[in-house]
Amino acid sequence: MISEKMYELGTNPSVIRDLFEYGNKRKAEIGADKVFDFSIGNPSVPAPACVKEAAIDLLQNGDEVALHGYTSAPGDAGLRKTIAEYLNEQHGTSLTADNLYITVGAAASLSISLKALAEEGDEFITFAPFFPEYRVFVENTGSQLVVVDCDKKDFQIDIADFEKAVTPHTKGIILNSPNNPSGVVIKKEGIEAVCEVLLNKQTEYGHPIFLIADEPYRELVYGDVEVPYLMNYYDNTIVCYSYSKSLSLPGERIGYIAVSDQAAEWKKIFAAVCGAGRSLGYVCAPSLFQQVVKRCMGRTSDVSVYKKNRDLLYNALTEYGYRCIKPDGAFYLFVEALEEDAKAFSERAKEFELLLVPADSFGTEGFVRISYCVSTEQIENSLPAFKALAEAYQ
């Protein structure tokens, strides 16, 4: 009568969403100020002023029919040209509007890109820890997700293990840096080593292997940390991007796919992207916010707030005895659980009104993810609870 696979997905929400809903229920019971919800990556930093200014001006003075009407299926040509020019300026690429497809957020970018590439029997590799929905997106194409563990000391890529995982069935890899859930930025030498493996394996197997860069956190880095732009390291690259984090617009669902013009038969790949968008119904992203992001190109929310939150939380937790992976980007802190079972640790944390996501679903057991994209006040108020939780294990 119905798809059992879709029923399973619909009746088994993600661990993150499940914990988020528990938090909402708990807040209604005892008050929001008494619940320390670190479950979901929902930016607390307001969007930059240009977003509001652009939206108001467009609504008051723009072409009302155009603002609320359809754009071209791959997105407004002017926005695509603007993004291409911005990327060329920032990264030395040579993209045009014909390399860009505007999407409803990064989830659509990934789903479309995978659908465009996948053929029967294909495999896609990613690195643990990874965003759990990768498995859903990959399996929805009929392909298989292959997971390679990162080094648990620093969560950089283990190149030897990665090389062993690449087979004749490998169609591509998904690389997320800065990473959700660890906040780790993959170092330049790690990127170079990954690309060398891919180049060698392409030659060995006689077919392209694609590098899908999932980059919604690109601008959320601290200090002088470099996030390598993968098109400059590997020709067969597709970049999936979202403005959800950089502009604090997760609810507006606006992003893009950029197909490298150096990729083999890139025009054919882009046509497949358009076809995948069509088949999935992901055409014509919201018109108003296509115009908003066009006016806000290169702008970001106040990243310094996230750095302040990171430093406050990381320093306090390490002082209390937790082992934390210091994040160079994004707004997540990856913390080793104080017992072997991270799910049990997460349940124990609830006794102190701390909502921490066990990382089992991220492909890495024994850790929890803390989303510190919350108010600094919440972090300050939560520290006694973190200390009490640590003391409960002593």
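In what follows, the structure referred to is the one given above.
Everything numeric in this text was worked out from a predicted model, so none of it was measured.

Rules behind the numbers
- Residues numbered from 1 in each chain as written.
- Predicted model: local features only at pLDDT ≥ 70, side-chain atom pairs only at ≥ 80, totals over all residues.
- Heavy atoms only, no water.
- Axes fitted to C-alpha atoms, helices over the stretch in contact; angles between N-to-C directions.
- Helix = DSSP H or I, 4+ residues; strand = E, 2+ residues; numbered from the N terminus.
- Parallel < 35°, antiparallel > 145°, perpendicular 65-115°, else oblique.
- Left-handed = near helix turned anticlockwise from the far one by under 90°.
- Contact = heavy atoms within 4.5 Å.
- Nonpolar A, V, L, I, M, F, W, Y, C, P; charged D, E, K, R; others polar.
- Buried < 20%, exposed > 50% of the residue type's maximum accessible area, 1.4 Å probe, protein only.
- Pairing = 2+ DSSP bridges.
- Expected span 1.5 Å × (residues − 1).
- Polar contact = N/O pair within 3.5 Å; in protein donor to acceptor, adjacent residues only side chain to side chain.
- Right-handed = clockwise from strand over helix to strand, strands pointing away.
- Salt bridge = Lys/Arg side-chain N within 4 Å of Asp/Glu carboxyl O.

Colleague: In this structure, what is going on with the packing of helix α3 (residues 49-61) against helix α11 (residues 287-295)? I would like to understand it.
Modeller: When two helices pack together, their arrangement is captured by the angle between the axes and the distance separating the axes. For the pair α3 and α11, interaxial distance at closest approach is 9 Å and the crossing angle is 130 degrees. When the axes of α3 and α11 are compared, the pair comes out oblique. The handedness of the crossing between α3 and α11 is right-handed. Every residue of α11 that contacts α3 at Val 51, Ala 54, Ala 55, Asp 57, Leu 58 and Leu 59 is listed here: Leu 288, Phe 289, Gln 291, Val 292 and Arg 295. Here the contact of α3 with α11 is built from residues that sort into eight nonpolar, one polar and two charged.

Colleague: Got a minute to help me understand the pairing of strand β2 (residues 100-103) in this structure?
Modeller: Here β2 shows a buried face lined by Leu 100 and Ile 102 and a second buried face lined by Tyr 101 and Thr 103. Where β2 and strand β8 (residues 255-259) come together, four bridges link them in antiparallel fashion. Directly across from Leu 100, in β8, lies its bridge partner Ala 258.

Colleague: I tried to follow unusual backbone geometry on my own but got confused; where do I start?
Modeller: Comment: phi is negative for the bulk of residues other than glycine, and the bulk of peptide bonds are trans. Put simply, Ala 128 and Pro 129 share a cis peptide bond, and its omega is 5 degrees. Among the secondary structure elements, Pro 129 is positioned in the loop between β3 (123-128) and α7 (133-139). Going from Ser 177 to Pro 178, the amide bond is cis rather than trans, its omega being -5 degrees. Positionally, Pro 178 belongs in the loop between β5 (170-176) and α9 (188-205). Of note in the backbone geometry, Phe 155 takes a positive phi value of approximately 60 degrees without being a glycine. Position of Phe 155 among the secondary structure elements: in the loop between β4 (144-149) and α8 (159-165). The backbone of Glu 265 sits at a positive phi, close to 50 degrees, despite the residue not being glycine. The topology assignment puts Glu 265 in the loop between β8 and α10 (266-280).

Colleague: What's the story with the packing of helix α6 (residues 105-117) against α10 in this structure? I'm lost.
Modeller: Close contact between α6 and α10 brings their axes to 8 Å; oriented N to C, the two are set at 115 degrees. In terms of crossing hand, the pair formed by α6 and α10 is right-handed. When α6 is examined against α10, the residues Ser 111, Ile 112, Lys 115, Ala 116 and Leu 117 are found in contact with a partner set consisting of Ile 269, Ala 272, Val 273, Ala 276, Gly 277, Ser 279 and Leu 280. Grouping the constituent residues of the contact of α6 with α10 by class yields eight nonpolar, three polar and one charged.

Colleague: Can you help me understand helix α12 (residues 303-320) in this one?
Modeller: Count 3.6 residues to each turn of an α-helix, and residues three or four apart come out pointing the same way. Between its terminal C-alpha atoms α12 stretches 26 Å, which fits the 26 Å expected from 18 residues at 1.5 Å a residue. For α12, the complete set of buried residues consists of Val 303, Tyr 306, Asn 309, Arg 310, Leu 313, Tyr 314, Ala 316, Leu 317 and Tyr 320. Residues of α12 that are buried make contact with β9 (324-325), β10 (332-336), β13 (367-371) and α14 (376-392). Once α12 finishes, Gly 321 follows within two positions and takes phi at roughly 105 degrees, a positive value.

Colleague: Can you help me understand the side chain of Ser 39 in this one?
Modeller: Relative to the helices and strands, Ser 39 resides in the loop between β1 (36-37) and α3. Separated by 2.6 Å, the side chains of Ser 39 and Asp 37 make a polar contact. If we ignore the near neighbours within four places in the chain, the residues touching Ser 39 are Ile 16, Leu 19, Phe 20, Leu 355, Val 357, Arg 369 and Ser 371.

Colleague: Please clarify how the pairing of strand β6 (residues 210-214) should be interpreted in this entry.
Modeller: Residues in a regular strand project their side chains so that they alternate between the two faces of the sheet. With five of its five residues buried, β6 lies for the most part within the structure. The two faces of β6 match: Phe 210, Ile 212 and Asp 214 on one face and Leu 211 and Ala 213 on the other face are all buried. For β5 and β6, the ladder comprises five bridges, and the chain directions are parallel. Bridge assignment links Asn 176 to a residue of β6, and that residue is Asp 214. Regarding the hand of the β-α-β motif, the stretch spanning β5, α9 and β6 is right-handed. Two strands pair when backbone bridges link them, and β6 and strand β7 (residues 237-242) are joined in this way by four bridges, in the parallel orientation. Bridge pairing in β7 links Ile 212 to Ile 238.

Colleague: Would you mind showing me how to read the environment of Ala 385 here?
Modeller: Within the fold, Ala 385 resides in helix α14. Between the alpha carbons of Ala 385 and Phe 352 there is a distance of 5.7 Å; along the sequence they are 33 residues apart. If we ignore the near neighbours within four places in the chain, the residues touching Ala 385 are Phe 36, Phe 352 and Leu 354.

Colleague: Please clarify how the pattern of salt bridges should be interpreted in this entry.
Modeller: Under the defined criterion, the tally for this structure stands at 17 salt bridges. Across the salt bridge formed by Asp 122 and Lys 171, the nearest N and O atoms sit 2.8 Å from each other. Residue Asp 122 is found in the loop between α6 and β3, and its partner Lys 171 is found in strand β5; the two are separated by 49 residues along the sequence. Exposure remark for Asp 122: the relative accessible area of 10% places this residue in the buried category.

Colleague: How should the sheet that holds β13 be read in this particular structure?
Modeller: The pairing of strands in a sheet comes from backbone hydrogen bonds and takes either a parallel or an antiparallel form. On the basis of which strands lie adjacent, the open sheet formed by four strands has the order β9-β10-β13-β12 and antiparallel pairing. Each of the sheet's edge strands pairs with one partner strand only, and the pair in question is β9 and β12 (357-358). Of the pairings in the sheet, the one linking β9 to β10 comprises two bridges and is antiparallel in character. Bridging from a neighbouring strand, Cys 324 pairs with Val 335 of β10.

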